[in-house]
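One-letter residues, chain by chain:
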Amino acid sequence: MQAQAMAGEVKRRLDSVTVTGSVEGGKITVTSNANKVVQSIAIDPEFLKEADKDDLEELLVIAFNKAMEQADNVSQSEMAASAKEMFGNLGGLL
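Structure report, in brief. Just so we're clear, the structure is a prediction, and the values are computed from it rather than from any experiment.

Let's talk about the pattern of salt bridges
- According to the stated counting rule, one finds 7 salt bridges in the structure shown.
- A salt bridge links Arg-13 to Glu-9, with the nearest nitrogen and oxygen atoms 3.9 Å apart. Here the residue Arg-13 and the residue Glu-9 both occupy positions in helix H1 (residues 2–15), the gap between them amounting to 4 residues, near one helical turn.
- Arg-13 is the salt-bridge partner of Glu-78, the closest N and O atoms lying 2.6 Å from each other. On the criterion of sequence distance, the pair formed by Glu-78 in helix H3 (residues 53–87) and Arg-13 in helix H1 is long-range, its members being 65 residues apart.
- Overall, the relative accessible area of 26% leaves Arg-13 in the partly exposed class.
- Salt bridges sharing partners connect three or more residues here, namely Glu-9, Arg-12, Arg-13 and Glu-78.

Quick look at the nonpolar core
- Val-23, Ile-28, Val-30, Phe-47, Leu-56, Leu-59, Ala-63, Ala-67 and Met-68 form the largest nonpolar core, which has 9 residues in total.
- Those elements that provide at least two residues to this core are strand E2 (28–33) and H3.
- The biggest single contributor to this core is H3, with 5 residues.
- For Phe-47, the contacting residues outside a window of four places in its chain are Lys-27, Ile-28, Leu-56 and Leu-59.

Thoughts on the pairing of strand E3 (residues 38–43)
- Bridging between E2 and E3 involves 5 bridges; their strand directions are antiparallel. Across the sheet, residue Thr-29 finds its bridge partner in E3, namely Ala-42.
- The turn linking E2 back onto E3 is made up of 4 residues, and Lys-36 within it adopts a positive phi angle of 65 degrees.

So, the sheet that holds E3
- An order of E1-E2-E3 is seen for the 3 strands of this open sheet, with the pairing classed as antiparallel. Because the sheet does not close on itself, it has two edges, and the strands there are strand E1 (18–23) and E3. Sheet twist, expressed as the mean angle between neighbouring strand axes with direction ignored, is 15 degrees.
- Against the sheet, H3 makes contact with E1, E2 and E3, and its axis sits at roughly 150 degrees relative to E1, the strand it touches most.

Thoughts on the packing of H1 against H3
- Axis separation between H1 and H3 bottoms out at 10 Å; the angle between their running directions is 145 degrees. Crossing angle aside, the handedness with which H1 passes H3 is right-handed. In this structure, H1 uses Gln-2, Ala-3, Met-6, Val-10, Arg-13 and Leu-14 to contact H3, whose residues at the interface are Val-74, Ser-75, Glu-78, Met-79, Ser-82, Glu-85 and Met-86.
- For the contact of H1 with H3, the class distribution of residues is 7 nonpolar, 3 polar and 3 charged.

Some thoughts on the environment of Gln-2
- Along the polypeptide, Gln-2 turns up in helix H1.
- Residues Gln-2 and Met-86 lie 84 residues apart in sequence; the distance between their C-alpha atoms is 8.6 Å.

Thresholds, definitions, all that
- Residues numbered from 1 in each chain as written.
- Predicted model: local features only at pLDDT ≥ 70, side-chain atom pairs only at ≥ 80, totals over all residues.
- Heavy atoms only, no water.
- Salt bridge = Lys/Arg side-chain N within 4 Å of Asp/Glu carboxyl O.
- Helix = DSSP H or I, 4+ residues; strand = E, 2+ residues; numbered from the N terminus.
- Buried < 20%, exposed > 50% of the residue type's maximum accessible area, 1.4 Å probe, protein only.
- Core = buried A, V, L, I, M, F, W, Y, C linked by side-chain atoms within 4.5 Å.
- Contact = heavy atoms within 4.5 Å.
- Pairing = 2+ DSSP bridges.
- Axes fitted to C-alpha atoms, helices over the stretch in contact; angles between N-to-C directions.
- Left-handed = near helix turned anticlockwise from the far one by under 90°.
- Nonpolar A, V, L, I, M, F, W, Y, C, P; charged D, E, K, R; others polar.

Any functional reading would require information that these geometric values do not contain.
Right, here's the structure in full:
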């Protein structure tokens, strides 16, 4: 029961953390929460005028993956902190 409550709390915290993945100096930015729910995608209008479909798709994938990597890092940190809080330091093992 305590583990479920803690998992719910971690999810709520991750929902409130914003991460971004940006490419080409901010020409494309993907914003997500740490639970990997994409909140927005911003594309510079000038870049959009000049980019072809393949470039745009490739950069969107890179920006998306950067945001998801940041989300993973935050999630892992939150889970480790919660485990440490729940189980104590276990003699320095966590």
